[in-house]
Amino acid sequence: MASLKEQLGGLVYSTEHGDTCPECRRPLAECACAEQAEQRRLAELDGTVRIRRETSGRRGKGVTTLEGIPLPADELKTLAKALKKRCGTGGAVKEGIIEIQGDQREVLNAELEQRGYRVKLAGG
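The following refers to the structure shown. (Residues numbered from 1 in each chain as written. Predicted model: local features only at pLDDT ≥ 70, side-chain atom pairs only at ≥ 80, totals over all residues. Heavy atoms only, no water.)

### With respect to helix 3 (residues 73–87)
At step 1: Over its 15 residues, helix 3 extends 21 Å from the first C-alpha to the last, a length consistent with the 21 Å expected when each residue adds 1.5 Å.
At step 2: Within the span of helix 3, buried status applies to Leu-76, Leu-79, Ala-80, Leu-83 and Cys-87. End-on view of helix 3: buried residues confined to an arc of 105 degrees, all on one side of the axis. Pointing more than 90 degrees away from the buried face of helix 3 are the exposed residues Asp-74, Lys-77, Thr-78, Lys-81 and Lys-85.
At step 3: Those residues of helix 3 hidden inside the fold are in contact with helix 2 (33–44), strand 4 (63–67), strand 5 (91–94), strand 6 (97–101) and helix 4 (105–114).
At step 4: Two residues or fewer past helix 3, Gly-88 is found with a positive phi of approximately 75 degrees. (Helix = DSSP H or I, 4+ residues; strand = E, 2+ residues; numbered from the N terminus. Expected span 1.5 Å × (residues − 1). Buried < 20%, exposed > 50% of the residue type's maximum accessible area, 1.4 Å probe, protein only. Arc of directions from axis to C-beta. Contact = heavy atoms within 4.5 Å.)

Right, here's the structure in full:
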């Protein structure tokens, strides 16, 4: 384990290469950390999409989250856009999880099953 000084210290910008990645210490143009993290996320998925309604930390406002969709980040954003349009609400994609405003579990369940995903309603 690296010391705190080693973790916080390190090259962040170089006049020769510009910005550098804090993890691999390579120039951002050569960095592959994001791609490797995306591949690890996809490898950990079991193929089941979990639909859950969450209110914690949102001041009582309900949000439907879709977790475990086995798609790369750019295709995930495209799917999220289509699902938001289908529900007629807003939402976002955060760390591989699609968030749709409101309680849209039934609509999303039907839509994802129609698209060929294995869906499981999780939580309350």
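Past the structure itself, the notes keep going.
### A look at the sheet that holds strand 5
At step 1: Sheet architecture is open: five strands sit in the order 5-6-4-3-7, paired in mixed fashion. Two strands lie at the open edges of the sheet, namely strand 5 and strand 7 (118–121), each paired on one side alone. Each neighbouring strand pair of the sheet contributes to a mean axis angle of 20 degrees, computed without reference to strand direction.
At step 2: For strand 5 and strand 6, the ladder comprises four bridges, and the chain directions are antiparallel. Looking at the pairing, Lys-94 lines up with Ile-97 of strand 6.
At step 3: Strands strand 4, strand 5 and strand 6 of the sheet are contacted by helix 3, whose axis makes an angle of about 15 degrees with strand 6. (Pairing = 2+ DSSP bridges. Axes fitted to C-alpha atoms, helices over the stretch in contact; angles between N-to-C directions.)

### What to know about the packing of helix 3 against helix 4
A pair of packed helices can be characterised by two numbers: the angle between their axes and the separation between those axes.
At step 1: With their axes 10 Å apart at the nearest point, helix 3 and helix 4 run at an angle of 130 degrees to one another. Classified by the interaxial angle, the pair formed by helix 3 and helix 4 is oblique. For the pair helix 3 and helix 4, the crossing hand works out as right-handed. Contacts between helix 3 and helix 4 involve Leu-79, Leu-83, Arg-86 and Cys-87 from the former and Val-107, Leu-108, Glu-111 and Leu-112 from the latter.
At step 2: Its residues placed into classes, the contact of helix 3 with helix 4 shows six nonpolar, no polar and two charged. (Parallel < 35°, antiparallel > 145°, perpendicular 65-115°, else oblique. Left-handed = near helix turned anticlockwise from the far one by under 90°. Nonpolar A, V, L, I, M, F, W, Y, C, P; charged D, E, K, R; others polar.)

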